[in-house]
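# Examining the three-dimensional arrangement
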Amino acid sequence: MGVQMGNHPSLTDTETELASIARMLSHIRDSARALDAQAVEYCVEMALQAVANELRDRSELVIAAAGFNARTHSLQ
């Protein structure tokens, strides 16, 4: 079930999990905002930003790897 050899989740599984975490954090942030709990809202916003950065970094890694593979194929 989405696990590759060596029990490491695939990139797609990881991205799906990070997206789920981002949705949960967004809900918590919105709830904190509704309760006017600014400190909690700030902390959750920072966690949400970290998840967004991780997703962005993974996307950039995939794009860079795809570019590397394309250059490798053109050299052969």
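Let me sum up the structure you'll find in this document. (Residues numbered from 1 in each chain as written. Predicted model: local features only at pLDDT ≥ 70, side-chain atom pairs only at ≥ 80, totals over all residues. Heavy atoms only, no water.)

### A look at the side chain of Glu41
By the element assignment, Glu41 lies in helix H2 (residues 38–75). Among residues more than four places away in sequence, those in contact with Glu41 are Arg29, Ala32 and Arg33. (Helix = DSSP H or I, 4+ residues; strand = E, 2+ residues; numbered from the N terminus. Contact = heavy atoms within 4.5 Å.)

### Side note on the environment of Met46
When you line up the elements, Met46 lands in helix H2. The exposure class assigned to Met46 is partly exposed, which follows from its relative accessible area of 45%. (Buried < 20%, exposed > 50% of the residue type's maximum accessible area, 1.4 Å probe, protein only.)

### Description of the nonpolar core
One recurring pattern in soluble globular proteins: nonpolar side chains tend to sit buried together. Within the largest apolar cluster, six residues are counted, these being Leu18, Ala22, Leu25, Val44, Leu48 and Val51. Those elements giving two or more residues to this core turn out to be helix H1 (11–34) and H2. In contact with Leu48, not counting residues within four places along its chain, are Ala22, Leu25, Ser26 and Arg29. (Core = buried A, V, L, I, M, F, W, Y, C linked by side-chain atoms within 4.5 Å.)

### Here's the deal with the pattern of salt bridges
The full count for this structure, using the stated rule, is six salt bridges. Here Arg29 makes a salt bridge to Glu45, at a shortest N to O gap of 3.1 Å. Taken together, the positions of Arg29 in helix H1 and Glu45 in helix H2 put the pair 16 residues apart, joining distant regions of the chain. Taking relative accessible area as the criterion, Arg29 reaches 16% and is therefore assigned buried. Looking at Glu45, the relative accessible area reads 30%, which means it is partly exposed. Its salt-bridge partner being Glu41, residue Arg33 comes within 2.8 Å of it at the nearest N-O pair. Through salt bridges with shared partners, a single ionic network connects Arg29, Asp30, Arg33, Glu41 and Glu45. (Salt bridge = Lys/Arg side-chain N within 4 Å of Asp/Glu carboxyl O.)

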